[in-house]
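Tertiary structure, described
The chain contents come next:
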Amino acid sequence: MKIRTLSNLLLLFVVLSFLGIISFNLAFALKEETLKAEEELADSLTHALFLAVQEDEWYFRSGTVFDKESFHGTQRKIAQLIEKIATENRTTDRKILESISNINSTITSLFDRISSLTLKEREQEIFRVKGLRHLQYLEGKNLVKSIYEKRKKIHELFHLAGNGLTAALGFTIIFFLFYLRRRIHGPLLRLEEGFAALSTGNFAYRTDLRRNDEFGLLARNFDGMAETLQSTTVSVEGLKREIEKRRETEATLREEEEKLRRLSQEFHTLLNAIPDNLTLQDRDLKILWANRGAAHSLNLSSSEEIVGKYCYTLWHNRTAPCEICPVQECFKTKREAEATVYTPDGRIWDLRAVPLFGKGDEVVNVIEVGRDVTVHRKLEAQLLQAQKMEAIGLMAGSVAHDFNNILSAIMGYCQLALIKEKRGEPLSHYLEQIVSSCERAAAMTQGLLAFSRKQPANFALFDLNDLVRGFEKFLRRLVREDICLKYLYAEEKLPVMVDRGQIEQVIMNLVTNAQDAMPRGGGLTIETRSVYHDEELVRTHGYGKAGEYAVLIITDTGVGMDKNTLQRVFEPFFTTKSEGKGTGLGLSTVYGSVKRHEGFVNIYSEPGQGTTVKVYLPMARGKVIEAREEAPVEETLPTGKETILLAEDDQALREALATTLKTFGYTVIEAADGEEALEKFDAHRETLDLLILDAIMPRINGRQVYEKIKSIKPYKTIIISGYSKDIFAQNGIPLTEEVIFLSKPISPVALLKRVREVLGEIKSP
Ligand SMILES: Nc1ncnc2c1ncn2[C@@H]1O[C@H](COP(=O)(O)OP(=O)(O)OP(=O)(O)O)[C@@H](O)[C@H]1O
Ligand SMILES: [Mg+2]
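Computed from a predicted structure; not experimentally measured.

On to the pattern of salt bridges. Applying the stated criterion across every chain yields a total of 29 salt bridges. Residues Glu258 and Arg261 are paired through a salt bridge, measuring 2.9 Å at the closest nitrogen-oxygen approach. Of this pair, Glu258 and Arg261 both sit in helix H5 (residues 214–273), three residues apart, roughly one helical turn. The exposure class of Arg261 is partly exposed, given its relative accessible area of 43%. A salt bridge links Lys334 to Asp361; the shortest N-O distance between them is 3.6 Å. Here the residue Lys334 occupies a position in the loop between helix H8 (326–333) and strand E3 (337–342), and Asp361 occupies one in the loop between strand E4 (348–357) and strand E5 (363–372), the gap between them amounting to 27 residues. Classification of Asp361 by relative accessible area gives exposed; the value is 51%. A cluster of three or more residues bridged by salt bridges with shared partners is formed by Glu258, Arg261 and Arg262.

Next comes the structure, spelled out in structure tokens:
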């Protein structure tokens, strides 16, 4: 039921209740009035009856007319009163009224008979009337009592009705309050809660009031509103979440983008860091993308300058693709392709083409990786060359060593024979021929030893300029007149730690070659210079160490060399010269000597264009020894009387040396090896003045013999060997004034001079 209906009903109920109470009170008041009037009548009747009772006796006794009249008057009055009560008041007990009326009639009839009665009878009647009157009076009293009781009942009834009405009203009010609480306050609270929830953003709140009244309507509207709000909020929330999600997605995207950018940058940097050429090419060999390495290989600063151009134009200087093109092959075969190509600038490239497939197996583009292997190839060739040289050197060295011993013996004997023979004797000419042939052979073995770097060397600090200048006189004699010889000296000093003889040999060999290359004359320039050979040069040349070098440059305008000749010039016995003209040891010697000095040689030559040979010697820091002219060879050979222990395993050489020494006055105790040397030493230790020990002997070598003897008593010693004295220094024999070195082949002159040098001046007897 609707609140309005209910409240209307309630209002009606309250109004009716009030009306009821008012009418009830009115009815009560009317009833009260009626009863009061009736009571008053009853009272008057009772009073009239009471008076009648008193009058009756008198009337009956006297029985006078007057009295009669008065008696009747009273009787009428009583009858009127009864009449009045009977007609006006409906509440009066009719029976009592009738009884009173009857008694009144009886008394009247009695009275009418009085005059005919005797006194005695009268007395009796009086008594009867008295009883009747008394009865009548009692009836009157009953009447009053009945009215009173009615009144009392009415009072009680009204009291009850009043209470009922009050209770009804109270109940109504309680009901109303309960109703208010139940039907209005509750929903109001729900709605209030609802609004409070809405205000805090809780749109999920529902009143859930299922009613048909206004509250129901309000609640439904509220719930609807909350629903709408919630759905709106949900959609707003959804929107918010969507925005948030989108933001997150955007952030992720940005992050991914940044990652991708960084990756691409790293990838680009990586590709640019690769020194090889990396290019992306299309079917026409057009460059679509290139790395920095590709640009650098073309001396361009940016790879963008390459994009859009053709591979064959850029690197091969052509107008059409090359015959061998791995990229074209790759497009054709759909497989990786490789090739080694030469570019016009003299570079060698290892090329590799890798296909890039599109949809299906179609090759869309090709990535070409080009590696400049020029230096690598050069290094490879140089390594091979170096290995070859090393092998040849080893072989040449060992041959030369043995050969030296033989030569030393031949030369020794020849020279001895020459000493014994007088000049002009028939044999002396042959002997001189043998010696000169031996000298040539010795020179060859020297060359071989120099090449194998086993030639003894005597390093000292020189200024390269001075060294060359000191050699000028000799060269002037060597060089033909049709050759224009020029010197270009470096202005600064060029200190080098060199074996002067070896460097002079180097110059001589190179000048001889230059001269041979200019059979019809030409220009020959000898130049000195200082250069700094940096890491880059080391890398590109593939040899040498980084550092400062003194360079000796010998240039001729001769016939030059082709590539094949150039590749082999350092090989021992490689010569293009006719037999007897060249041994092919000149440049091998140069190579060995310069290597020995930790330098390197470069030759630039082209057929018909002349040749430039550059000899790099590491620059030394220190006091430069003034280059001096060679001292003239002494004519007279020194003699001596001392006793010498000579240990040499090569019998021929030992005998030659012993003969030489003996011929010149010395006592020689010979030993064929180290062990024998020690035995002989034990036997002659008191008389010995000098030890001559071959460095390399079977069983016990020279060094061990030397050390054993030295531990007993130090002796002046000459170490003889075909190897460098440095090797001995390295092997633990320190060379001093007392211990000197003599390299093979040993000429008798050199031997006698060195022996005298070590032993000192001959003591006068
Ligand atoms: N300046 C040069 N110009 C042209 N060719 C040269 C020059 N120097 C050397 N060669 C070539 O190198 C070869 C080897 O030279 P190398 O000096 O080693 O031997 P050789 O001169 O032939 O003989 P050797 O020097 O022993 O008398 C020569 O035969 C020659 O063909
Ligand atoms: Mg030569």
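Next, the rest of the story.
On to the pairing of strand E12 (residues 610–618), then. Within a regular strand, side chains alternate between the sheet's two faces. Burial analysis of E12 places eight of its nine residues in the buried class, which makes it a mostly covered element. Of the strand pairs in this sheet, strand E10 (residues 547–556) and E12 are connected by eight bridges, and their pairing is antiparallel. Opposite Val551, over in E12, you have Tyr616 as the bridge partner. Pairing analysis gives seven bridges linking strand E11 (residues 600–606) to E12, with the strands arranged antiparallel. The residue bridging Val601 from the neighbouring strand is Val615, located in E12. Hairpin connection, E11 to E12: the antiparallel pair is bridged by three residues, and Gly608 has positive phi, about 80°.

Taken together, Leu9, Leu11, Leu12, Val15, Leu16, Phe18, Leu19, Ile22 and Leu26 make up a surface patch of nonpolar side chains, about 870 Å² in accessible area. Mapped onto the elements of the fold, Phe18 is located in helix H1 (residues 3–62). For Phe18, a relative accessible area of 45% translates into the label partly exposed.

Definitions and limits used
- Every chain is numbered independently, its residues counted from 1 as its sequence is written.
- Think of it this way: whatever chain is written first is A, whatever ligand is written first is 1, and the rest follow in order.
- With the structure being a predicted model, the display of local features is reserved for residues of pLDDT at least 70 and the display and counting of side-chain atom pairs for 80 or more, all residues being used for whole-chain, interface and lining totals.
- Hydrogens and waters are ignored; side-chain quantities use all the structure's heavy atoms.
- Basic side-chain nitrogens of Lys or Arg form a salt bridge, by our definition, when they fall within 4 Å of a carboxyl oxygen of Asp or Glu.
- Helix numbers and strand numbers start at the N terminus; a helix is a DSSP run of H or I with at least 4 residues, a strand a run of E with at least 2.
- Residue exposure (1.4 Å probe, protein chains only): buried if accessible area is under 20% of the type maximum, exposed if over 50%, otherwise partly exposed.
- Between any two strands, pairing holds if DSSP finds at least two bridges.
- Like-charged residues within 9 Å of one another, or nonpolar side chains (Val, Leu, Ile, Met, Phe, Trp, Tyr) within 5 Å, are grouped into patches, provided each residue has over 30% relative accessible area and no salt bridge.
- Each accessible area is a Shrake-Rupley result for a 1.4 Å probe, and residues are judged covered by the shown protein chains and nothing else.

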